[in-house]
Amino acid sequence: MIYLQLFWEFFRIGLFAVGGGMATLPFLEQLSVRTGWYGPALITDMIAISESTPGPIGINMATYVGCSVAGMAGGVAATLGEICPAILIVTLVSRSLEKFRDSHWLDDAFHTLRPAVTGLIAAAGLGVMEKCMLDLAAYQSSGAFLSLFDWKKLVFFLLAFLGMKKFKWHPVAYIAIAAVVGMIFKF
């Protein structure tokens, strides 16, 4: 039964998370609350693992959650659930796209989807930022604005961001540096 539930939950996420892996984050947060399979804080760990491994982040996250919940078979069920909607939609669209290639309705739909997807990705990014760099518990207990920020992580974020803009190294280099810094400084 758990395999069917994993398949179904990730099928729904794959169906509605238009725009790639980061667009799945709001759905993963809701799944966490609804099922209790993992805590909301684990989402940032899933992002780190998914970004550090080859393949799309949404599929990696589905595999990670499935394996965590129900072992290897759970990982397979969740992964298949995540990819099935894309396979079905691409198959249907490719068969009918030729027919509607010059349709202004299709152009309008795609133009409207772009900002919606951008909004989903931005919301997911801001949610991850909140979890990683803000200390809401310290802020609520002290009420001091400066206690809202986890300053070490905020400074590291800024250094990584500026380093990426200036040096343009491969993303794996930044992931490796972040892992080493985290081990040394116990972020």
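Residues numbered from 1 in each chain as written. Predicted model: local features only at pLDDT ≥ 70, side-chain atom pairs only at ≥ 80, totals over all residues. Heavy atoms only, no water.

## Some points on the packing of aromatic side chains
In the structure shown here, the tally under the stated rule is seven aromatic pairs. Ring geometry for Phe145 and Phe149: centres 5.4 Å apart, planes at 85°, overall edge-to-face. Phe145 sits in the exposed class, given a relative accessible area of 52%. On the accessibility criterion, Phe149 (21% relative accessible area) is partly exposed. Ring plane angle 55° and centroid distance 5.2 Å describe the contact between Phe149 and Trp151, whose orientation is recorded as tilted. Given the relative accessible area of 43%, Trp151 is considered partly exposed. Ring pairing ties together the aromatic residues Phe7, Trp8 and Phe11, which thus form one cluster. (Phe/Tyr/Trp six-rings, centres within 6.5 Å; stacked < 30°, edge-to-face > 60°. Buried < 20%, exposed > 50% of the residue type's maximum accessible area, 1.4 Å probe, protein only.)

## Thoughts on the nonpolar core
Counting residues in hydrophobic clusters, the biggest one holds 22 residues, and the most contacted among them are Phe10, Leu25, Leu28 and Tyr38. Counting residues per element, the ones that place at least two in this core are helix H1 (2–16), helix H2 (25–35), helix H3 (42–52), helix H4 (57–97) and helix H5 (104–133). Considering each element in turn, this core owes the most residues, seven residues, to H4. Residues within four places of Leu25 in sequence aside, it is in contact with Ile43, Ile47, Met61, Ala124 and Val128. (Core = buried A, V, L, I, M, F, W, Y, C linked by side-chain atoms within 4.5 Å. Helix = DSSP H or I, 4+ residues; strand = E, 2+ residues; numbered from the N terminus. Contact = heavy atoms within 4.5 Å.)

## Quick word on unusual backbone geometry
Its identity as a non-glycine residue notwithstanding, Lys168 has a phi of 55°, on the positive side. Locating Lys168 in the fold gives a position in the loop between helix H7 (151–167) and helix H8 (171–185).

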